[in-house]
Every structure is written in C-alpha cells, then in structure tokens.
Amino acid sequence: TRYFVDHRKVRVVGGQGGAGGHSFYSEPRKIFGGPDGGNGGDGGHVILKADQQMKSLSSVLPFYQGFQGGKGGRKNCYGANGAYVYVKVPVGTLVKEDGKVVADLTQHGEEYVAAYGGAGGKGNRFFLSNENRAPTLFTPGEPGQERVLHLELKTTAHAGLVGFPNAGKSSLLRAISRAKPAVAAYPFTTLNPHVGIVHYQDYEQVAVADIPGLIKGAHQNRGLGVAFLKHIERCRFLLYVVDLSVPQPWIQLQDLKYELEQYEKGLSERPCVVVGNKIDLAESRINLPLLKEQVAERVIALSALTGDNLEELLWHLRELYDTYVRTQQSRGQRPVKW
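A brief look at the structure comes next. (Residues numbered from 1 in each chain as written. Predicted model: local features only at pLDDT ≥ 70, side-chain atom pairs only at ≥ 80, totals over all residues. Heavy atoms only, no water.)

1. Some remarks on the overall build of the chain
- Of the regular secondary structure elements, the chain holds five helices and 14 strands.
- Within the chain, the fraction of its 338 residues that count as buried is 49%.
- Within the structure as shown, the chain displays about 17,300 Å² of accessible surface, and the carbon and sulfur contribution to it stands at 51%. (Helix = DSSP H or I, 4+ residues; strand = E, 2+ residues; numbered from the N terminus. Buried < 20%, exposed > 50% of the residue type's maximum accessible area, 1.4 Å probe, protein only. Areas by Shrake-Rupley, 256 points an atom, 1.4 Å probe, with all protein chains shown as cover.)

2. Here we look at the sheet that holds strand 1 (residues 7-13)
- Spatially, five strands are ordered 3-1-8-5-6 in an open sheet, and the strand pairing comes out mixed. Edge positions in the open sheet fall to strand 3 (63-65) and strand 6 (100-105), since each of these has one partner strand only. Ignoring which end each strand starts from, the neighbouring axes of this sheet average 30 degrees apart.
- Two elements, strand 5 (residues 93-97) and strand 8 (residues 146-153), share four bridges in a ladder whose sense is antiparallel. Across the sheet, Lys96 pairs through a bridge with His150, a residue of strand 8. (Pairing = 2+ DSSP bridges. Axes fitted to C-alpha atoms, helices over the stretch in contact; angles between N-to-C directions.)

3. Focus on helix 5 (residues 310-330)
- Over its 21 residues, helix 5 runs 31 Å from end to end, which matches the ideal 30 Å to within 8%, given 1.5 Å per residue.
- Along helix 5, the residues classified as buried are Leu310, Leu313, Leu314, His316, Leu317, Arg318, Leu320, Tyr321, Tyr324, Val325 and Gln328. (Expected span 1.5 Å × (residues − 1).)

4. Concerning the sheet that holds strand 10 (residues 194-199)
- Spatial strand order, 10-11-9-12-13-14: six strands in an open sheet with mixed pairing. Every other strand in the sheet has two partners, leaving strand 10 and strand 14 (299-301) as the edge strands with one partner each. Neighbouring strand axes in the sheet, compared pairwise and without regard to direction, differ in orientation by 25 degrees on average.
- When strand 12 (residues 237-243) meets strand 13 (residues 272-277), the two strands line up parallel, connected through six bridges. Across the sheet, Tyr240 pairs through a bridge with Val274, a residue of strand 13.
- Contacts from helix 5 reach strand 9 (159-162), strand 10, strand 11 (205-210), strand 12, strand 13 and strand 14 within the one sheet, and its direction differs from that of strand 12 by about 155 degrees. (Contact = heavy atoms within 4.5 Å.)

5. Describing the packing of helix 1 (residues 169-176) against helix 5
- Packing of helix 1 against helix 5 brings their axes to within 11 Å, and their N-to-C directions diverge by 80 degrees. Classified by the angle between their axes, helix 1 and helix 5 sit roughly perpendicular to one another. Between helix 1 and helix 5, the contacting residues are Leu172, Ala175 and Ile176 on the first element and Leu310, Leu313 and Leu314 on the second.
- Each residue belonging to the contact of helix 1 with helix 5 can be placed in one class, and the counts come to six nonpolar, no polar and no charged. (Parallel < 35°, antiparallel > 145°, perpendicular 65-115°, else oblique. Nonpolar A, V, L, I, M, F, W, Y, C, P; charged D, E, K, R; others polar.)

6. Some remarks on the pairing of strand 8
- As paired elements, strand 1 and strand 8 share seven bridges and run antiparallel to each other. Across the sheet, residue His7 finds its bridge partner in strand 8, namely Glu152.

7. Quick notes on the nonpolar core
- Ranked by size, the top nonpolar core spans 27 residues in total, and within it Leu172, Val198, Val206, Val208, Phe237, Leu239 and Leu317 carry the most contacts.
- Of all elements in the fold, only strand 9, helix 1, strand 11, strand 12, strand 13 and helix 5 reach the threshold of two or more residues within this core.
- Top contributing element to this core by residue count: helix 5, with eight residues.
- Within the second largest apolar cluster, 26 residues are counted, among which are Tyr240, Trp250, Leu253 and Ile279. (Core = buried A, V, L, I, M, F, W, Y, C linked by side-chain atoms within 4.5 Å.)

8. Considering the packing of aromatic side chains
- On inspection of all chains with the given rule, the structure shows three aromatic pairs.
- Relative to Tyr324, the ring of Tyr321 has its centre 6.4 Å away and its plane inclined at 50 degrees; by these criteria the two rings are tilted. Of this pair, Tyr321 and Tyr324 both sit in helix 5, three residues apart, which is roughly one turn of that helix.
- Its end group placed over the ring of Tyr86, Lys49 keeps NZ or CZ at 5.8 Å from the ring centre. (Phe/Tyr/Trp six-rings, centres within 6.5 Å; stacked < 30°, edge-to-face > 60°. Lys NZ or Arg CZ within 6 Å of the ring centre and 35° of its normal.)

9. Some words on the pattern of salt bridges
- Taken as a whole and judged by the stated rule, the model has ten salt bridges.
- The shortest N-O distance in the salt bridge between Glu146 and Arg11 comes to 2.8 Å. Of this pair, Glu146 sits in strand 8 while Arg11 sits in strand 1, and the two are 135 residues apart along the sequence.
- Since its relative accessible area comes to 36%, Arg11 is described here as partly exposed. (Salt bridge = Lys/Arg side-chain N within 4 Å of Asp/Glu carboxyl O.)

10. Things to note about the environment of Pro35
- Relative to the helices and strands, Pro35 resides in the loop between strand 1 and strand 2 (46-51).
- Taking the relative accessible area as the measure of exposure, Pro35 reaches 3% and is therefore buried.
- In this structure, the C-alpha to C-alpha distance between Pro35 and Gly21, residues 14 residues apart in sequence, is 9.6 Å.
- If sequence neighbours within four positions are ignored, Pro35 has contacts with Ser23, Phe24, Asn76, Asn124, Arg125, Leu128, Arg133 and Pro135.

11. What to know about unusual backbone geometry
- Positive phi values are uncommon outside glycine, yet Lys75 reaches one of about 60 degrees.
- For Lys75, the location among the structural elements is in the loop between strand 3 and strand 4 (85-90).
- Relative accessible area serves as the criterion here: at 62%, Lys75 is assigned to the exposed category.
- For Asn76, which is not glycine, the phi torsion reads 60 degrees and is therefore positive.
- Within the secondary structure, Asn76 is located in the loop between strand 3 and strand 4.

Here it is, written out as structure tokens:
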C-alpha cells in the first residue's frame, strides 16, 4: 500500500563536470600541430518539477545525483553536458533548507534547480599562449553542488474536513468518495491526511482532504498540532465536522475556529459549511435546532454511517467549488483541477 506522505528528506548532488581533454594535433607533414584537447562538459542539474498528476511525496527517493559531463576530446571537441535529473513532486510542495523556505512550487510545470552540476574542466588547448606553445596542463571537472533538502507537502485539496478526533471525518470521506481511511472508535485513528475525490456527472472532480483531528492548543503544536494545520492553509473552502451527539456542539465549532485563527489570521473566514454528523442518534436530533440557533453558517445535518442527507452536502460542496472556480477565473488565475 502506498500511503499519503507529506514530508521527505532528500539529499541531492549535481553531476560531476567532465575532465578536459589532453591531446596534440598531428597529421602527415604537420607533426607539431599544437594542442587540441577540448573542454569537458558540464554536469547535469537535479531539478524538482511540480506535476499535478503527483498527489503524494511517497515516490520521492532519499537521494538523487545528476549525470556526469563527458570528457573533452581531440580536435577541440567539447564533452557532452550531463543530462538533467527531473524529480516530479506534487503541486503545493515546499522546499526547505536549514529550516528556511527556498522554493514553493504552486503551479503545474514549475521548476526549481535543487542542485547545480559542476563546470566542465579545461582542455590543454585552453592553456595555449605565446609563452607556452605546447601546454600539457588540463583540469578535471568540478564536483556538483550538494544539498540536503526537506520537502513538505501542503495538501492542495479543494475542501478540508476540519474537526476534533472522532467527529466522523474519515467516515464521511468514505461515504462521499472512494478513499478508504481507517475508521475506529478511538481518537487519532487518522495520523496522515487522506484525499478523496468526489465525482460529478459532468466529470468535474472535487478533492476533499480528511486531515488528522486537532485538539485544543494545536496552534502551539500540541497533539498533531502544526502537522494538521499546515494542510488547511491551501484548502479553498472548509467543512467543519461537528459531533451532534455531544452536549453543546457549537462549542466545538468555536474551538475549531479559534485554533485556525491562532495559526493563521483569516484562515477561519474562508468559505465554509458546518456539517452536523451522527444525526441518526437521538441526542443529535435534540441538539440540532440548538446548534442552528447558535451558528450563523449553514448547517447540514447528516449521518456518515447510514448515508442520511449526504446528497445535500454533495450539492452544497459543488456550489462552493463552482464559486471558487468563478472567483479564480475572474482574477485571471487558473483554478486547481484534479
């Protein structure tokens, strides 16, 4: 099974430059033709390239090295440059070095040179001068750049399921998509984000991320903390999943918004809908009208277990998605497609 991987440590080394050539031109009746060793080729770069077909960092290896440049040849022939090594990463990948962000790949096809290849060496022809008509000196190629990078994926799903542990986020994602996150009766069943795709009849696809549940103090890195919150940053709209069976479920919503706002100002103000889960329980039916009185946002009551009222959520999810697409197009930007 390939799990969703959202961080990787990668060592990248540029290709070694090719050595310069060492030779002297010689042909009949022209024995002392002078030096003709060409320069070596440059080493190949290692390049990170954002690809919208990639959805996880699971296929990224821990080590990459560029190809070596070719050696300089006779008759002033230059060595071939080493081929580039392209590493495909998902759209939304942050590249960090020593804790600092050095690249943010947010568009399909965007590239970042992770390690430059070394320069090729000089052939003995390069050292020809009036003082030295027969140079024997040539230089080896330079080593490629070497770096240790940390790749971090901020999920670029359209919608993010936000809720406390055991609110039913994973069950809801299983009900509306083909994703199969683990479901169990204990907190923190979900330790890694899962992305499910909701398919519509006109072939539009809306990506919904089931993100590990947060607890109070998550913005201070308690529990899964920032590992949870970083995936919310790039979700275009949010689905607050609230357990209707607990006393005063609107307190959950207030706490969720507080954690988001403390992590990043304005995060809790994104387009959203409140999903009241577990409506199949008797306590939930009592709490539902009380929740609607306390909450300004639209509330959709449903049961991920029995499938009650899922249709209303799917229609509203599509409305949020269409609004997002229109907004992006009006700004002259390209909306994220899955």
